[in-house]
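Descriptive analysis of the structure
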Amino acid sequence: MNILNIILIFVVAFLAGCEGILDQFQFHQPLVACTLIGLVTGHLKEGVMLGGSLQLLALGWANIGAAVAPDAALASVASAIIMALALSGGSTNVTEAISTAIALAIPLSVAGLFLTMLARTFAIPMVHAMDVAAEDADFAKIERIHWAGVAMQGLRIAIPALILCFIPAEVVTNTLKAMPEWLKGGMQVGGGMVAAVGYAMVLNMMSTKETWPFFALGFVIAAIPQITLIGLGIIGVAFALIYMKLKGLALNSGSQNAASGDPLGDIINDY
């Protein structure tokens, strides 16, 4: 990688780290982060493919109470850099590079979770410093500390990404070539399972008795090879509009029958 590639990767990684906390522009999402890393390294198509696979898994990650989800930012940025290094080192097997990156994304997300815990621990004295500044009405100091805390979150992703950039591409390529075939095959199967499990987690959260018919129709239509992704997207939008229209009609019908004068009958109809 040249200096320009490294600078652009550092910027993307820094923004992904900040967005892991801010959640405003979604730079930390795999589909965005991997695509941007692929763009700045000259492997845009492969970055989109990797981001799409990891995004299915990350859709099931969420912070619930004090439980913090695995770090999607580090998993996305680091795995995309490793994929780019593998491809830049002369490896022409795109599937192998992507499957290896997907297999490494899970341990990287756990490592990112550890870095997140460290960053939030270091943020505690910063909060106390902001409290002291608030007592003195020093709003400029509060703002400086605030920006320092956000920058710390960005650096927790940018620094590991910068370290990965200095790994020679030949090292990554030779490591992949040295792997036995059974391990490469296992990584490819695991990469496919990651996407399947992630999508299953999303279905488990979204599935209702009203939406299952649309899921079934979608799987059947997706099996038709003549329909492109754009066509499938249009069909999905049409299904969504049909569902919203039917739901609106059902709500309007329920409101019209609400004042029927028979409260017991209305309760029975609701159930």
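These lines cover the structure that appears in this document, whether it is placed above or below. (Residues numbered from 1 in each chain as written. Predicted model: local features only at pLDDT ≥ 70, side-chain atom pairs only at ≥ 80, totals over all residues. Heavy atoms only, no water.)

**Thoughts on the overall build of the protein chain**
Check the secondary structure of the protein chain and you find eleven helices and zero strands. Mapped from its N terminus to its C terminus, the protein chain presents α and β elements in the order α-α-α-α-α-α-α-α-α-α-α. Within the protein chain, the proportion of its 271 residues that are buried is 34%. Within the structure as shown, the protein chain displays about 15,900 Å² of accessible surface, and the carbon and sulfur contribution to it stands at 72%. (Helix = DSSP H or I, 4+ residues; strand = E, 2+ residues; numbered from the N terminus. Buried < 20%, exposed > 50% of the residue type's maximum accessible area, 1.4 Å probe, protein only. Areas by Shrake-Rupley, 256 points an atom, 1.4 Å probe, with all protein chains shown as cover.)

**Some details on the environment of Leu44**
One can find Leu44 in helix α3 (residues 44–58). Counting along the chain gives ten residues from Leu44 to Cys34, while the straight-line C-alpha distance between them is 8.6 Å. Not counting residues within four places of it along the chain, the set of residues in contact with Leu44 comprises Thr35, Gly38 and Leu39. (Contact = heavy atoms within 4.5 Å.)

**As for the packing of aromatic side chains**
Summed over all chains, the structure comprises four aromatic pairs. When the centroid spacing of 5.5 Å and the interplanar angle of 70 degrees are considered together, the rings of Trp212 and Phe215 count as edge-to-face. Remark: Phe215 and Trp212 occur in helix α9 (residues 212–222); sequence separation between them is three residues, near one turn of the helix. The exposure class assigned to Trp212 is partly exposed, which follows from its relative accessible area of 45%. Put simply, the rings of Phe214, Phe239 and Tyr243 touch in pairs and so form one group of aromatic residues. (Phe/Tyr/Trp six-rings, centres within 6.5 Å; stacked < 30°, edge-to-face > 60°.)

**Observations regarding the packing of helix α2 (residues 30–41) against helix α4 (residues 72–88)**
It is the contact of α2 with α4, at a shortest axis distance of 9 Å, that shows an interaxial angle of 30 degrees. Compared by their axis directions, α2 and α4 come out roughly parallel. Remark: the crossing between α2 and α4 carries right-handed chirality. Of the residues in α4, those in contact with Pro30, Ala33, Cys34, Ile37 and Thr41 of α2 are Ala72, Ser76, Val77, Ala80, Ile81 and Ala84. (Axes fitted to C-alpha atoms, helices over the stretch in contact; angles between N-to-C directions. Parallel < 35°, antiparallel > 145°, perpendicular 65-115°, else oblique. Left-handed = near helix turned anticlockwise from the far one by under 90°.)

**Concerning a nonpolar patch on the surface**
A contiguous nonpolar patch, built from Ile3, Ile7, Val11 and Leu15 and spanning about 360 Å² of accessible area, is present on the exposed surface. With respect to the helices, strands and loops of the structure, Ile7 is situated in helix α1 (residues 3–22). (Patch = residues over 30% accessible without salt bridge, like charges linked within 9 Å, V, L, I, M, F, W, Y side chains within 5 Å. Salt bridge = Lys/Arg side-chain N within 4 Å of Asp/Glu carboxyl O.)

**Here we look at unusual backbone geometry**
The backbone phi angle of Gln26 is positive, close to 60 degrees, even though this residue is not glycine. Secondary-structure assignment places Gln26 in the loop between α1 and α2. A relative accessible area of 28% means that Gln26 is categorised as partly exposed. Non-glycine residue Ala137 carries a positive phi angle of around 60 degrees.

**Here's the deal with the packing of α4 against helix α6 (residues 139–165)**
At a minimum axis separation of 10 Å, α4 and α6 run at an interaxial angle of 10 degrees. Taken together, the axes of α4 and α6 are roughly parallel relative to one another. On the side of α4, the interface is formed by Ala73, Leu74, Val77, Ala78, Ile81 and Leu85, while α6 contributes Ile157, Pro160, Ala161, Leu164 and Cys165. Class assignment of the residues belonging to the contact of α4 with α6 gives a composition of eleven nonpolar, no polar and no charged. (Nonpolar A, V, L, I, M, F, W, Y, C, P; charged D, E, K, R; others polar.)

Function cannot be read off these values alone, since they describe shape.
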